[in-house]
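For reference, the chains in residue letters:
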Amino acid sequence: MKFADPPFWESALLESPWMLIAVMVIMAAALFWHGTQRDDKKARRAAFVAAALAVLIWLISFLVTTPRETLMQQSSEVVHATSPFSQAKLDELLDMNAGVIGADGALWLQGRDVISMTLERAIEQYRVENNFVSVRGVEVNGQRGRSHLVVRSMLGGEYGGRPVRTEWLLVWAGNDKGEWRVQSIQWLELNGQEPPRGIVW
């Protein structure tokens, strides 16, 4: 599943600034060495400016959380709220009218309360013990977002530690306060196959 790349400045400055910081640090070191060797005050001043910029870039990236970073974090939180089951966390992350959709786009479940009850029953039935989440992609367009997840779960009880691999597409809606909630959950794959309707309900 291919998502659009974020703006370069957002990615390079806020989300993954380490390459830019490394360049500024190397530049600062080179300028300082040159200024010291040739007693060049301008070069030494430029070195301090480059070092200060590196610190400033790090500080900005530390203080500012982009919508993409928020959705990456909350996507993992949605999964971890299912094992162990946390109704409070799901209430926080899911829209009241959220829906579960099959791989073919058909609506399977509607409403946060219905989804929560179904999840709790399925977790108990299949003895879901561990979930390992990989967020493969996140895309944000204004106050709409999507995230693609791969989840590896271990089942216990009568299923004897059986591993399960699933893929999901979450569609998000944001508001002016920077809060995001899941609008729809699409189940894309179950162990490489299209999941059949009614498998967990």
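The rules we used
- Residues numbered from 1 in each chain as written.
- Predicted model: local features only at pLDDT ≥ 70, side-chain atom pairs only at ≥ 80, totals over all residues.
- Heavy atoms only, no water.
- Core = buried A, V, L, I, M, F, W, Y, C linked by side-chain atoms within 4.5 Å.
- Buried < 20%, exposed > 50% of the residue type's maximum accessible area, 1.4 Å probe, protein only.
- Helix = DSSP H or I, 4+ residues; strand = E, 2+ residues; numbered from the N terminus.
- Salt bridge = Lys/Arg side-chain N within 4 Å of Asp/Glu carboxyl O.
- Phe/Tyr/Trp six-rings, centres within 6.5 Å; stacked < 30°, edge-to-face > 60°.

(A) Layout of the nonpolar core. Within the largest apolar cluster, 27 residues are counted, with the highest numbers of intra-cluster contacts made by Trp172 and Ile185. Put simply, the parts of the chain that give this core at least two residues each are helix 4 (67-80), helix 5 (87-93), strand 1 (94-101), strand 2 (107-110), helix 6 (112-126), strand 4 (144-155), strand 5 (162-174) and strand 6 (180-190). The element best represented in this core is strand 6, accounting for five residues.

(B) Fine view of the pattern of salt bridges. What the rule picks out here adds up to eight salt bridges. The residue Arg68 makes a salt bridge to Glu15 at a minimum N-O spacing of 3.0 Å. In this pair, Arg68 sits in helix 4 while Glu15 sits in helix 1 (residues 8-15), placing the two residues 53 residues apart along the sequence. Exposure class is identical for Arg68 and Glu15. Each is buried. The salt bridge involving Arg146 is made with Glu139; its shortest N-O contact spans 3.2 Å. For Arg146, a relative accessible area of 28% puts it in the partly exposed group. When salt bridges with common partners are traced through the structure, they connect Glu77, Lys89 and Glu92 into a single cluster.

(C) Region of the structure containing the packing of aromatic side chains. Considering all chains together, one arrives at four aromatic pairs under this definition. Aromatic pair Trp168 and Trp187: ring centres 4.9 Å apart, planes at 15°, arrangement stacked. Of this pair, Trp168 sits in strand 5 while Trp187 sits in strand 6, placing them 19 residues apart in sequence. Among the aromatic residues, those joined into a ring-pair cluster are Trp108, Trp168 and Trp187.

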